[in-house]
Amino acid sequence: MIATGGNGSLQFSTYLRGTLFGIAAISLWSVWSPITRLAVTSELNAWDLTMLRLALPCLLLLPVIIKRGLGLDRLGWPGLALLIISGGVPYVLLAVTGLRYAPAHHQAALNPGCMPIFVAIIASLWLGETVSRPQRIGLGLILTGALLIVTWQGPAWQPSLAFGHVLFLSASFLWACFTVILRHGKLEPLHAIAVVSLGSWLFMPVYFAINGASLMQAPLAEVIFQGLFQGVIITIVSLILYARALILLGASAGGAFGALVPVLSAVFAIPLLGEWPTPSDWIAIVLISIGVYLASGGPVAFFKART
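Overview of the structure. (Residues numbered from 1 in each chain as written. Predicted model: local features only at pLDDT ≥ 70, side-chain atom pairs only at ≥ 80, totals over all residues. Heavy atoms only, no water.)

## As for the side chain of Ser-30
Then, number 1: Here Ser-30 is to be found in helix 1 (residues 8-40).
Then, number 2: Its relative accessible area of 0% is what places Ser-30 among the buried residues.
Then, number 3: Within polar-contact distance, the side chain of Ser-30 engages the backbone oxygen of Ile-26 at 2.6 Å.
Then, number 4: Ignoring sequence-local partners within four residues, the contact set of Ser-30 consists of Leu-260, Val-261, Leu-264, Ser-265 and Phe-268. (Helix = DSSP H or I, 4+ residues; strand = E, 2+ residues; numbered from the N terminus. Buried < 20%, exposed > 50% of the residue type's maximum accessible area, 1.4 Å probe, protein only. Polar contact = N/O pair within 3.5 Å; in protein donor to acceptor, adjacent residues only side chain to side chain. Contact = heavy atoms within 4.5 Å.)

## Some thoughts on the packing of aromatic side chains
Then, number 1: Tallying each qualifying case throughout the model produces eight aromatic pairs.
Then, number 2: When the ring of Tyr-207 is compared with that of Phe-208, the centres are 5.1 Å apart and the planes differ by 65 degrees; the resulting orientation is edge-to-face.
Then, number 3: Taking relative accessible area as the criterion, Tyr-207 reaches 3% and is therefore assigned buried.
Then, number 4: Three or more aromatic residues link up through ring pairs in this structure, and these residues are Trp-47, Tyr-207 and Phe-208. (Phe/Tyr/Trp six-rings, centres within 6.5 Å; stacked < 30°, edge-to-face > 60°.)

## Some remarks on the environment of Trp-47
Then, number 1: With respect to the helices, strands and loops of the structure, Trp-47 is situated in helix 2 (residues 46-60).
Then, number 2: Here Trp-47 falls in the buried class, since its relative accessible area comes to 16%.
Then, number 3: Along the backbone, Trp-47 and Ser-214 are 167 residues apart, and their C-alpha atoms lie at a distance of 9.6 Å.
Then, number 4: If we ignore the near neighbours within four places in the chain, the residues touching Trp-47 are Val-89, Leu-93, Val-206, Tyr-207, Ile-210 and Asn-211.

## A look at unusual backbone geometry
Then, number 1: One non-glycine residue, Lys-186, lies in the positive phi region at around 55 degrees.
Then, number 2: Its location among the elements puts Lys-186 in the loop between helix 9 (159-185) and helix 10 (189-200).

## So, a nonpolar patch on the surface
Then, number 1: Among the surface-exposed residues, Phe-12, Tyr-15, Leu-16 and Leu-20 lie close enough to one another that they form a single nonpolar patch of about 410 Å² accessible area.
Then, number 2: With respect to the helices and strands, Leu-20 occurs in helix 1.
Then, number 3: Leu-20 gets classed as exposed once you look at its relative accessible area, which sits at 52%. (Patch = residues over 30% accessible without salt bridge, like charges linked within 9 Å, V, L, I, M, F, W, Y side chains within 5 Å. Areas by Shrake-Rupley, 256 points an atom, 1.4 Å probe, with all protein chains shown as cover. Salt bridge = Lys/Arg side-chain N within 4 Å of Asp/Glu carboxyl O.)

## Considerations on the side chain of Ser-238
Then, number 1: Relative to the assigned elements, Ser-238 resides in helix 13 (residues 220-249).
Then, number 2: Once you skip the residues sitting within four places of it in the chain, Ser-238 turns out to touch Ala-25, Leu-28, Trp-29 and Ile-233.

## Comments concerning the environment of Pro-134
Then, number 1: Structurally, Pro-134 can be placed in helix 8 (residues 133-151).
Then, number 2: Under the relative-accessibility criterion, Pro-134 is labelled partly exposed at 28%.
Then, number 3: In this structure the C-alpha to C-alpha distance between Pro-134 and Leu-294, which are 160 residues apart in sequence, comes to 5.8 Å.

See the structure below:
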């Protein structure tokens with residue numbers, strides 16, 4: 001619901017501010033795929049980018065942990081472990097590694113794009129939630145778009161591309177688990193990210209054992225940029241912007257903004273990577289974007305607001 005005031009200008013001002021916050025957030029999410037693909041195919045590897053994304057937020061969000069704890073009263077130890085796994089190193093590593101093998105717009109379509117399908121399945125089986133008719137239509141469109149990307153590649157198909165798709169879908173499943181746990185435990189997103197970032201430090205010995213000191217050999221400017229971009233802008237700033245948009249516009253607005261991520265990622269990848277989606281990719285991206293909007297309940301809120 002849009003906040004109302006004593007006159008229409010205040011209402012429009014609130015709507016405008018909320019929209020700007022939302023656009024800013026999804027623009028950051030959308031540019032993540034091409035920028036990360038550019039890094040993982042040049043100077044840094046997937047382990048480097050994963051640790052850069054999670055190590056710095058742990059330090060910055062430590063006051064949140066000190067104030068609110070680990071959320072054990074809401075999650076329990078099994079829930080806490082699953083939260084760290086589904087939202088931490090395994091998730092980021094799958095998503096980033098997939099970008100070595102498949103285009104950025106495929107990542108946006110198959111990872112955040114397909115996440116509502118996995119959320120609906122997990123929430124239905126675990127929490128007993130029902131799926132409305134518009135949501136079922138949306139999930140069907142998402143599935144159609146995903147199948148189009150996975151199967152309709154023609155001469156461009158190769159085993160490495162299929163491997164990238166598998167990694168994206170695996171990451172999508174993990175983030176869906178993270179989303180359902182977050183909802184079930186009723187943790188605030190910033191608190192959850194703080195917990196996940198802290199838990200990700202448990203993987204630090206594994207990182208050094210596998211990756212050694214390769215990060216020290218990368219250009220310093222690239223390390224600083226990716227550390228700020230991955231660990232601060234994407235992990236913290238975009239979340240704050242998105243949360244602010246939801247406060248001003250209401251929860252249903254999330255679906256409208258989230259539906260733009262596959263489209264904008266494809267657009268950003270053109271100048272940054274020179275990756276042009278094929279006609280079938282564009283069709284799939286549009287289907288998935290419409291499906292995300294429907295699955296999130298956007299149209300229901302839209303029509304109810306006007307009846």
